[in-house]
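# Understanding the architecture of this molecule
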Amino acid sequence: MGIRFVLMVNKQGQTRLAQYYEYLNLEERRALEGEIVRKCLARTEQQCSFVEHRNYKVVYRRYASLFFLVGVDNEENELAILEFIHLLVETMDRHFGNVCELDIMFHLEKAHFMLEEMVMNGCVVETSKTNILSPIQLMEKAS
Amino acid sequence: MALSGMRGLSVFISDIRNCQNKEQERLRVDKELGNGLTPYEKKKYVWKMLYIYMLGYDVDFGHMEAVSLISAPKYPEKQVGYIVTSCLLNENHDFLRLAINTVRNDIIGRNETFQCLALTLVGNIGGREFAESLAPDVQKLLISSSCRPLVRKKAALCLLCLYRKNPDVVNVDGWSDRMAQLLDERDFGVLTSCVSLLVALVSNNHEAYWSCLPKCVKILERLARNQDIPQEYTYYGIPSPWLQNVPFVVVLIMELKLLSSSRGQVSYVISSTTKVKHWKPVVVVGCGKDIDEGWYGVTGLQRVKTMRALQYFPTVEDPNTRRSLFEVLQRILMGTDVVKNVNKNNASHAVLFEALALVMHLDAEKEMMSQCVALLGKFIAVREPNIRYLGLENMTRMLMVTDVHDIIKRHQAQIITSLKDPDISIRRRALDLLYGMCDVSNAKDIVEELLQYLSTADFAMREELSLKAAILAEKFAPDLSWYVDVILQLIDKAGDFVSDDIWFRVVQFVTNNEDLQPYAALKAREYLDRPAIHETMMKVSAYILGEYSHLLSRRPGCSPKEIFSLIHEKLPTVSTSTIPILLSTYAKILMHTQPPDQELQSHVWAIFRKYESCIDAEIQQRAVEYHALSMKGAAVMDILAEMPKFPERQSSLIKKAADSEADTAEQSAIKLRAQQQNSNALVVTDQRPANGTPPVGQLGLVKVPSTSTAGQDQSTAEQGVTHANGALTVVDPQPSSTPSPDLLGDLLSPLAIEGPPGTGPQSVPSVASVSEGGVNADALAIAPVEEQAKTVQPIGNIAERFHALCLKDSGVLYEDPYIQIGIKAEWRAHHGRLVLFLGNKNTAPLMSVQAKILPPSNLKVELSLVPETIPPRAQVQCPLEVINLHPSRDLAVLDFSYKFGTQLVNVKLRLPAVFNKYFQPITVSPEEFFPQWRSLSGPPLKLQEVVRGVRPMLLAEMATLFDGLRIMVCPGLDPNANNLVASTTFYSESTRAMLCLIRIETDPADRTQLRMTVASGDPTLTFELKEFIKEQLVSIPIPHQAPAPMLPQSQPMSPPTAISDPGALLAGLL
């Protein structure tokens, strides 16, 4: 099923966005996020972007104060996911204009909308930025 | 005021009080309850809820609000409702049901944006009810020409989710053509989704989708040539890597599937969610449990073999498709350059790695293959950590798929450097790769590298590392002393991470190889010199020195006394689990000291005395027993002699790895390793030539003379020691049966954990073998005399009927369309009186009826005359007298024949005049039991055996079984609740009434093994009884699926009721 979850976490380890593509209950989520965040945040720039954790492989990327962590299973192409993160960031950039942690934090719903357009059921569904952003624009027009 | 603490409440109450009418009151209450929220407010609260949930607080209210928003008419509210619902709820949530109708209306409605939202929700959550009610609609949307791509891409993934979760509900018959059409799609969003869907469909049924293969290759071609790719879908100049990767996967699945089916192999349980990369990562997965159960249905070996075989298999058959595919691959392999832009570089390499994965499995030319290895070799040396990581990962995969060992070995030094990388992810990959590439030629280097790394490795990796090192050392040891060195170093450096299995294994090796014993003892002695050693090391060295320190006694510093004090000074530092081993060591050292050393003896005895009152039962017991034994002096030397050789067996490590339920990463790798062929360096060979340099790969265990009885396999030495000293079961050797003074070869030593293989008759009488078999054996017992007689088939399962009759005294012995033979028996002491009821079921007489008894030597059987004809629908009775002469499990056989018309039917039936029929249950009190038990002090009157492969049953079940066998279970005699003590009296002419005592010790952790001690006053009886009980425990007649018995009257074990009375049965027939 490819992507299992997408997490955005800041340097302090606070979750800014969490989207799961398999159902985990709250306990499991809390434990998983804690462990993964601890593992990934401790890593240096010189280390690779892949961390193995339980049955996941976490592909992560850091942008300023924000970490993007994507949990995938073994059938996923790591580099493609790494660039998927970048695509997500570029899409957010296009919408917010030089996106920062606060944009995501205060526009949680928009971040969710974008992700929803890009990933469905753990598969990448759309990679064209225009298409990804069209529902948001639609809504902004409506309101 | 009384409510001073709750102003808000007072305000609310006064508000209500001030309301003019009912309507105002209702509005106020609604406001308080939040019912009057505007859609805007609702939306706001629902987002807040999601935010709170994301922070990790449990939100168990408000779900209803989120779901209710789904039915809001406006897009913004609806969208929130859908998104939050899919975040908060799972498919089993009750609230979801409330929304099904709205969701369906949205999907079949005209509003595209609503359709998208609804499809996304269903695609993310799935659920059977959704699948049942929505799948046809979703399918229609996907292929509808009037739908915009926007909707269709979502429909594709929605269908994928429904299909994955409930493939039985979604009807995809005839979808191959549709999928082929969909692959021509121009829109990249739809194409991306459709290819994902295709992966799932192909995994479930590849044959149907064969026509999609050329289309996939076409897509790849188009992408690789960068032809006709919309700007929006290129990423840093690379055509969407996310789309590019998927067709590779499809092709790969096709390949593997094709292979598996055309080879006629077991079809792979590849579930719909499994993409092909799953086939490789057995070795590389860095993760724990695989979610996909089906994946583990295929053994690693099979997978690897399949992939190897793939190289010799004509794969993509259409030459044009094949040429295009190879062109694409070649273009990617050659044309991927390292560029400055990180994103572009990553994107192009993402595609490259996917291409590599495919090449590995394709029937590629040698040249292309070596290109791949060269690329990977380059990757593992670059500075960029991601590429290095993936290089290592893919090299491990490649290793498992193709024969590139030798080329990869050239990179060994580079890989070892990666083992010291600061990044744990890379170190893990390097470790896996080293583990995978290890063979006899480089084992020494690699294992030593691992050992060296062990001291600096982080804790997270140590256990994995030590297990891998131990396995490699065992598999590829160039010589045994090296193996011992490695394991001891392993324990020394990472004792906490070395599981018991590892040290048990080294003890086994040492025990089984005489040449190794002095060396191991010397090594153990060296480690003991160190000021602080790990407890596991203490256990191994104490054990080895206890067994073999006398081999060193001539060396300086190795006298028994010195060794003893060396060990004993560590005693205060060890835990209670180690003390018993030390006590055994002391006892053994003491015994080996010749001539006896008075000082040492008094010292050791003092220790024993001290521990005789120890609170730990194990320690106390050993202290008491060793003390008592050692006081007997030389007479009991044998008991403390060296342990006999262990029966050869699979490595417990590898077995453990293979059996283990927990599929952590390393274990799945180990599993694969265990299943690989030709990797066994420690081949079990015959006694190796003394001092000779044995050829590499041929080294190893001295073959132990295989013992006759199965199930003596004692899992560990430690266990053996423990058991051998069980309270009731210390078996003193009979002076007469004490064999040769050659202690080393003394397998019959009473301390041997196996039952003495030599005692008792070994040749199993031929008839008895019939009784051991299940259906097959019995099928043989029915031997039709003539061709045409074959048409007469017995009704019901003869074996089952027989086994049932072993436990009860009346029932049907045999039945076919013409005759039914019932039996009724009475037993008194060693006499039995059986009556055979021969019932003719037909309207024609049965002619030439003959019954003969073929008695074994132990029974005297007299059958009264059998009439030659049985009239139609009549029953005749034939009494049968049985006298049991002496104990034996042999059976009497009834040779029965008759003629029906021209058909001659002849059957040979075992008579249920079995061993246990001569039992008379008897209760014994402890006052009677214990003296008797003690007086029957050892072989051949008292026999003990560890039985393996026992049908697992609870103690209560076993008691019931014994009860059925007329053996009386005596509760309360054994203090241990896991044990069972039983008694019975056996009658035969030679033995008369003979008391038999039985003790079963079960292991609650492993119900398939137990230890059985049987005692009686007659050696043959003891042996026979032991074997008999063993048969009952091991091969209990499992209720076989009888070939549809016409009359279900003979239910094994069921208490006989009226219908099992043959008379009544026949009466019913008449």
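Below is a summary of the structure that appears in this document. This is a predicted model, so every value here is computed, not measured.

Turning our attention to the overall build of chain B. Along its length, chain B carries 41 helices and 16 strands. Within chain B, buried positions represent 57% of all 1070 residues. Intrachain contacts of chain B at a sequence separation of at least 6 include 69% that bridge at least 24 residues. Carbon and sulfur atoms provide 54% of the accessible area of chain B, an area that totals close to 44,300 Å².

A separate point is the sheet that holds strand β3 (residues 810-815) of chain B. In a beta sheet, neighbouring strands pair by backbone hydrogen bonds and run either parallel or antiparallel. Residues and elements named next belong to chain B. With antiparallel pairing, the five strands of this open sheet are ordered in space as β3-β4-β5-β8-β7. This sheet does not close on itself; its edge strands, each paired only once, are β3 and β7 (859-863). Between one strand axis and the next, the sheet turns through 25° on average, direction left out of account.

On to the pattern of salt bridges, then. Any two side chains of opposite charge can pair, on the condition that their charged atoms come close. Residues and elements named next belong to chain B. Counted according to the given criterion, the structure contains 63 salt bridges over all chains. Here Glu 464 ties to Lys 468 by a salt bridge, and the two come within 3.0 Å at their closest N and O atoms. Of this pair, Glu 464 and Lys 468 both sit in helix α23 (residues 459-476), four residues apart, which is roughly one turn of the helix. Exposure remark for Glu 464: the relative accessible area of 6% places this residue in the buried category. Glu 599 serves as the salt-bridge partner of Lys 561, at 3.2 Å between the closest nitrogen and oxygen. With a gap of 38 residues between them, Lys 561 in helix α28 (residues 560-568) and Glu 599 in helix α30 (residues 598-611) connect regions that are remote in the sequence. Judged by its relative accessible area of 35%, Lys 561 falls in the partly exposed class.

Here we take up the environment of Glu 33 of chain A. For Glu 33 of chain A, the position within the fold is in helix α1 (residues 26-41). By relative accessible area, which is 11% here, Glu 33 of chain A ends up buried. In this structure, the C-alpha to C-alpha distance between Glu 33 of chain A and Gln 14 of chain A, residues 19 residues apart in sequence, is 9.8 Å. In this view, Glu 33 of chain A contacts Leu 7, Thr 15, Ala 18 and Tyr 20 of chain A together with Met 54 of chain B; residues no more than four positions away in its chain are not counted.

Once that is clear, we can look at the side chain of Asp 432 of chain B. All names here are of chain B. Among the structural elements, Asp 432 can be located in helix α21 (residues 424-437). On the basis of relative accessible area, Asp 432 is assigned to the buried category, the value being 4%. Here Lys 468 takes part through its side chain, which lies 2.5 Å from a polar atom of the side chain of Asp 432.

A few words now on the nonpolar core. Formed by 267 residues in total, the largest nonpolar core has its most connected members in Ile 3 of chain A together with Val 103, Met 179, Ile 415, Leu 583 and Tyr 586 of chain B. If one sorts the elements of this core by residue count, helix α2 (residues 78-96) of chain A sits on top with eleven residues. Here Ile 3 of chain A is in contact with Tyr 21, Val 70, Gly 71, Val 72, Glu 76, Ile 81, Phe 84, Val 119, Gly 122 and Val 124 of chain A, once residues within four sequence places are set aside. Grouped together as the second largest cluster of nonpolar side chains are 63 residues, Leu 846, Ala 851, Phe 915 and Val 950 of chain B included.

Counting from both sides, the interface comprises 74 residues of chain B and, opposite them, 64 residues of chain A. In this assembly, chain B packs against chain A so that about 5,900 Å² is buried in total across both faces, 54% of it on carbon and sulfur atoms. Looking only at chain B, the three residues that lose the most surface to chain A are Met 54, Glu 232 and Trp 242 of chain B, adding up to 12% of its buried area. Across the pair Glu 393 of chain B and Lys 57 of chain A runs a salt bridge, and its minimum N-O distance is 2.5 Å. The interface formed by chain B and chain A contains 28 residue pairs in polar contact (both at pLDDT 80 or more). Tallying contributions element by element places helix α16 (residues 342-361) of chain B first for the side of chain B that touches chain A, with eight residues. When the residues that make up the side of chain B that touches chain A are grouped by side-chain class, the tally is 37 nonpolar, 23 polar and 14 charged.

Even without being glycine, Asn 121 of chain A reaches a positive phi, approximately 55°. Within the fold, Asn 121 of chain A resides in the loop between β6 (119-120) and β7 (123-124). At Ser 848 of chain B, a position not held by glycine, the phi torsion is positive, near 45°. Tracing the backbone through its elements, the reader meets Ser 848 of chain B in strand β6 (residues 847-854). For Ser 848 of chain B, a relative accessible area of 30% puts it in the partly exposed group.

Turning to helix α7 (residues 112-125) of chain B, a few remarks are in order. The end-to-end C-alpha distance of α7 of chain B, which contains 14 residues, comes to 20 Å, matching closely the 20 Å that a straight helix rising 1.5 Å per residue would cover. For α7 of chain B, the set of buried residues is Phe 114, Gln 115, Cys 116, Leu 117, Ala 118, Leu 119, Thr 120, Leu 121, Val 122, Gly 123, Asn 124 and Ile 125 of chain B. Looking at the buried positions of α7 of chain B, the neighbouring elements they touch are α4 (108-118) and β6 of chain A together with α5 (75-88), α6 (94-108), α8 (128-143) and α9 (149-165) of chain B. Looking one or two residues beyond α7 of chain B, the residue adopting positive phi is Gly 126 of chain B, at roughly 75°.

Inspection of helix α20 (residues 412-419) of chain B places Gln 412, Ile 415, Ile 416, Ser 418 and Leu 419 of chain B among the buried residues, and these make up the whole buried set. Projection of α20 of chain B onto a plane perpendicular to its axis shows the buried side chains occupying an angular sector of 155°, all on one side.

All names here are of chain A. The strand order β2-β1-β5-β4-β3 describes an open sheet built from five strands, whose pairing is antiparallel. The open sheet has two free edges, formed respectively by β2 (15-20) and β3 (50-53), since each of these has just one partner strand. Across the sheet, the axes of successive neighbouring strands diverge by a mean angle of 20°, strand direction being ignored. In the sheet, β3 pairs with strand β4 (residues 56-63) via four bridges, with the strands oriented antiparallel. Bridging across to β4, Phe 50 finds its partner in Val 59. Contacts from α2 reach β1 (3-10), β3, β4 and β5 (66-72) within the one sheet, and its direction differs from that of β4 by about 40°.

Residues and elements named next belong to chain B. Orientation of helix α24 (residues 480-494) relative to helix α26 (residues 516-528), taken along the N-to-C sense of each, is 25°, at an axis distance of 10 Å. Judged by the angle between their axes, α24 and α26 are roughly parallel. The handedness of the crossing between α24 and α26 is right-handed. On α26, the residues that touch Leu 480, Ser 481, Val 484, Asp 485, Leu 488, Gln 489 and Asp 492 of α24 are Leu 516, Tyr 519, Ala 520, Lys 523 and Tyr 527.

Calculation criteria
- Residues numbered from 1 in each chain as written.
- Chains lettered and ligands numbered in written order.
- Predicted model: local features only at pLDDT ≥ 70, side-chain atom pairs only at ≥ 80, totals over all residues.
- Heavy atoms only, no water.
- Helix = DSSP H or I, 4+ residues; strand = E, 2+ residues; numbered from the N terminus.
- Buried < 20%, exposed > 50% of the residue type's maximum accessible area, 1.4 Å probe, protein only.
- Contact = heavy atoms within 4.5 Å.
- Areas by Shrake-Rupley, 256 points an atom, 1.4 Å probe, with all protein chains shown as cover.
- Pairing = 2+ DSSP bridges.
- Axes fitted to C-alpha atoms, helices over the stretch in contact; angles between N-to-C directions.
- Salt bridge = Lys/Arg side-chain N within 4 Å of Asp/Glu carboxyl O.
- Polar contact = N/O pair within 3.5 Å; in protein donor to acceptor, adjacent residues only side chain to side chain.
- Core = buried A, V, L, I, M, F, W, Y, C linked by side-chain atoms within 4.5 Å.
- Buried area = accessible area lost by both parts, 1.4 Å probe.
- Nonpolar A, V, L, I, M, F, W, Y, C, P; charged D, E, K, R; others polar.
- Expected span 1.5 Å × (residues − 1).
- Arc of directions from axis to C-beta.
- Parallel < 35°, antiparallel > 145°, perpendicular 65-115°, else oblique.
- Left-handed = near helix turned anticlockwise from the far one by under 90°.

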